[in-house]
Amino acid sequence: MPNVKLQNFIHLHFLVLIAGFTAILGEVITISAIPLVWFRMVMASILMFVYIKMAKINLKVKPKSVLKLSIAGILIAAHWITFFGAIDEANISIALSMFSTGAFFASFIEPIVYKRKIIGYEILLGILVIVGVFIITQSEIKYLTGIILGISSAFLSSLFAVLNGSFLKQHSATTISFYEFLSGVFFISMYLICFKGGFNLEFFNIPAADYIYLFILASICTAYAFIASVYVMKVISPYTVVLTYNLEPVYGIILALILFPEKEKMSANFYYGAIVIITTVVLNALLKNSRKLKRKKLRA
């Protein structure tokens, strides 16, 4: 049993590394954020459908649930578009450090969705996140558009994650993702048709390397990573999974520095601000776990 848990823990870190590698792919893919996300979601939907058929997973959901999942799909599509947009406008380091502010947004979104009181320390940690962002902005003002897109991406991701938490009580994670991916494809397709002249040969005429990177993004970084994380959580606690995924910006920034040293070299203030944000996110997870343990002891 300990060996099984160790194997899954190593697997979990591999999944976090894959999550960080998503930003690397966003840098090397030459097409802009909107078509990039469209291709990603189309490919991921197809791969997910193949898996669903092989695993014989029931896709039946109520019409009311389809509507809710569709809204979540639009949110995840918008999150990915703003995330890759942040990379286009700035770089990987900016996009990932801003993405870390998601925990700050979640601390205010969760009380609204789950109708609970805002916890005092979450406000304090939120202020620390703002300080971290301020430090980065002061030294990297040239990347202001990327910073705004990165923060927007973090907000959308937090909103999506909180909503998904309520969906998991009624449906399997695979079913949820499949409907969300389909709705994301539909939403982006409607946008392209209504505002960008629709689809033409030029839209699909992209470099062969981009198709390869997009397939890696959709298969390994999306479909596989998602399905694998569900299985990992059967052995490792959700808290450990969430805490470990907070290392995504760290892994991603390290990879970016290795692969793109010239573009990703930032000022000292950037790293001070990033350390403040990431440390605050990890501290938030630790404090939440401590509160859960205290509640369990009181109930016992």
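These figures come from a predicted structure and were not determined experimentally. (Residues numbered from 1 in each chain as written. Predicted model: local features only at pLDDT ≥ 70, side-chain atom pairs only at ≥ 80, totals over all residues. Heavy atoms only, no water.)

> What's the story with the overall build of the protein in this structure? I'm lost.
The helix and strand inventory of the protein stands at 14 helices and zero strands. Starting at the N terminus and ending at the C terminus, the protein contains elements arranged as α-α-α-α-α-α-α-α-α-α-α-α-α-α. Relative to the 2.2 N^0.38 estimate, which gives 19 Å for 300 residues, the radius of gyration of the protein is 19 Å and therefore close to what a compact globule would have. For the protein, the spread of C-alpha atoms along the three principal axes comes to 60 × 50 × 40 Å. The 300 residues of the protein split such that 47% are buried. Long-range contacts, defined as pairs at least 24 residues apart, comprise 87% of the intrachain contacts of the protein with a sequence gap of at least 6. (Helix = DSSP H or I, 4+ residues; strand = E, 2+ residues; numbered from the N terminus. Rg over C-alpha atoms; globule rule 2.2 N^0.38 Å. Buried < 20%, exposed > 50% of the residue type's maximum accessible area, 1.4 Å probe, protein only. Contact = heavy atoms within 4.5 Å.)

> Teacher, can you tell me more about the nonpolar core here?
Here is a general trend for soluble globular proteins: nonpolar side chains tend to be buried in one another's company. Met 41, Phe 84, Ile 94 and Leu 214 are the most contacted members of the largest nonpolar core, which totals 75 residues. With 11 residues, the single largest contributor to this core is helix H3 (residues 63–89). The contact partners of Ile 94, leaving out residues within four places of it in the chain, are Ile 136, Glu 140, Tyr 143, Gly 146, Ile 147, Met 266 and Phe 270. (Core = buried A, V, L, I, M, F, W, Y, C linked by side-chain atoms within 4.5 Å.)

> Can you help me understand the side chain of Arg 40 in this one?
Within the element layout of this structure, Arg 40 appears in helix H2 (residues 33–55). For Arg 40, the contacting residues outside a window of four places in its chain are Thr 22, Trp 80, Phe 84, Leu 217, Ala 218, Cys 221 and Thr 222.

> Help me understand helix H8 (residues 173–195) in this model?
Because an α-helix completes one turn every 3.6 residues, residues spaced three or four positions apart along the sequence face the same direction. For H8, spanning 23 residues, the distance from its first C-alpha to its last is 33 Å, which sits close to the expected 33 Å at 1.5 Å a residue. Immediately downstream of H8, the backbone of Gly 197 shows phi near 80°, a positive value. (Expected span 1.5 Å × (residues − 1).)

> I tried to follow the pattern of salt bridges on my own but got confused; where do I start?
A side chain of one charge can pair with a side chain of the opposite charge when the charged atoms of the two come close. Counted under the stated rule, the structure contains one salt bridge. Among the ionic pairs, Lys 263 bridges to Glu 27, the shortest N-O distance being 3.0 Å. Taken together, the residues span a long stretch of sequence, with Lys 263 in helix H13 (residues 261–264) and Glu 27 in helix H1 (residues 2–28) at a distance of 236 residues. On the accessibility criterion, Lys 263 (38% relative accessible area) is partly exposed. (Salt bridge = Lys/Arg side-chain N within 4 Å of Asp/Glu carboxyl O.)

> In this structure, what is going on with the packing of H3 against helix H4 (residues 92–99)? I would like to understand it.
The relative placement of two packed helices comes down to the angle between their axes together with the axis-to-axis distance. Two elements in contact, H3 and H4, have axes whose closest approach is 7 Å; the angle formed by their N-to-C orientations is 140°. Classified by the angle between their axes, H3 and H4 sit oblique to one another. Contact with H3, carried on its side by His 79, Phe 83, Ala 86 and Ile 87, involves Ile 92, Ala 95, Leu 96 and Phe 99 of H4 and no other residues of that element. Taken together, the residues of the contact of H3 with H4 sort by class into seven nonpolar, one polar and no charged. (Axes fitted to C-alpha atoms, helices over the stretch in contact; angles between N-to-C directions. Parallel < 35°, antiparallel > 145°, perpendicular 65-115°, else oblique. Nonpolar A, V, L, I, M, F, W, Y, C, P; charged D, E, K, R; others polar.)

> What exactly am I supposed to notice about a nonpolar patch on the surface here?
Judged by side-chain polarity, Phe 186, Met 190, Ile 193, Phe 199 and Phe 204 come together as a nonpolar surface patch covering roughly 460 Å² of accessible area. Structurally, Phe 204 is set in helix H9 (residues 201–204). (Patch = residues over 30% accessible without salt bridge, like charges linked within 9 Å, V, L, I, M, F, W, Y side chains within 5 Å. Areas by Shrake-Rupley, 256 points an atom, 1.4 Å probe, with all protein chains shown as cover.)

> Can you help me understand the environment of Tyr 211 in this one?
With respect to the helices and strands, the residue Tyr 211 is situated in helix H10 (residues 208–232). Each C-alpha atom, one on Tyr 211 and one on Leu 36, is 9.9 Å from the other, the two residues being 175 residues apart in sequence. Setting aside residues no more than four positions away along its own chain, Tyr 211 makes contact with Phe 39, Met 43, Phe 204 and Ile 206.

> Any chance you could explain unusual backbone geometry here in plain terms?
For residues besides glycine, phi is generally negative; the peptide bonds are generally trans as well. Within the chain, Lys 56 stands out as a residue other than glycine whose phi angle is a positive 55°. Considering the arrangement of structural elements, one finds Lys 56 in the loop between H2 and H3.

> Explanation requested: the packing of aromatic side chains in the structure shown.
The geometry of an aromatic ring pair is captured by the separation of the ring centres together with the interplanar angle, meaning the angle of the planes. Here the structure, examined in full by the defined rule, presents 20 aromatic pairs. Ring centres 6.0 Å apart and planes at 70° place the aromatic pair Phe 178 and Tyr 179 in the edge-to-face group. For Phe 178, a relative accessible area of 8% gives the class buried. Here the basic side chain of Arg 40 rests over the ring of Trp 80, its NZ or CZ set 3.8 Å away from the ring centre. (Phe/Tyr/Trp six-rings, centres within 6.5 Å; stacked < 30°, edge-to-face > 60°. Lys NZ or Arg CZ within 6 Å of the ring centre and 35° of its normal.)

> Even after reading the chapter, I still don't get the confidence of the model for the protein, so can you show me in this structure?
Detailed reading of the predicted model is not advised wherever pLDDT is low. Residue-level pLDDT values for the protein average 89, and 97% of them are 70 or greater. Within the protein, no element has a lower average pLDDT than helix H11 (residues 238–245), which sits at 72, and none a higher one than H2, at 95. (pLDDT = per-residue confidence, 0-100.)

> Please explain the side chain of Glu 248 as it appears in this structure.
Inspection of the secondary structure assignment puts Glu 248 in helix H12 (residues 248–259). Setting aside its immediate chain neighbours within four residues, Glu 248 contacts Val 16, Ala 19, Gly 20, Leu 96 and Phe 99.

> Which parts of the structure should I look at to understand the environment of Glu 140?
Within the secondary structure, Glu 140 sits in the loop between helix H6 (120–139) and helix H7 (144–167). A sequence separation of 126 residues divides Glu 140 from Met 266, and the C-alpha atoms of the two residues are 8.3 Å apart. With sequence-adjacent residues up to four places away left out, Glu 140 is seen in contact with Ile 94, Ile 147, Met 266, Ser 267 and Phe 270.

> I would appreciate a short explanation of a positive patch on the surface in the present structure.
A cluster of like positive charges, contributed by Arg 291, Lys 292, Lys 294, Arg 295, Lys 296, Lys 297 and Arg 299, occupies part of the molecular surface. Its location among the elements puts Lys 297 in helix H14 (residues 268–299). (Lys, Arg positive; Asp, Glu negative; His and termini not counted. Charge placed at Lys NZ, Arg CZ, Asp CG, Glu CD.)

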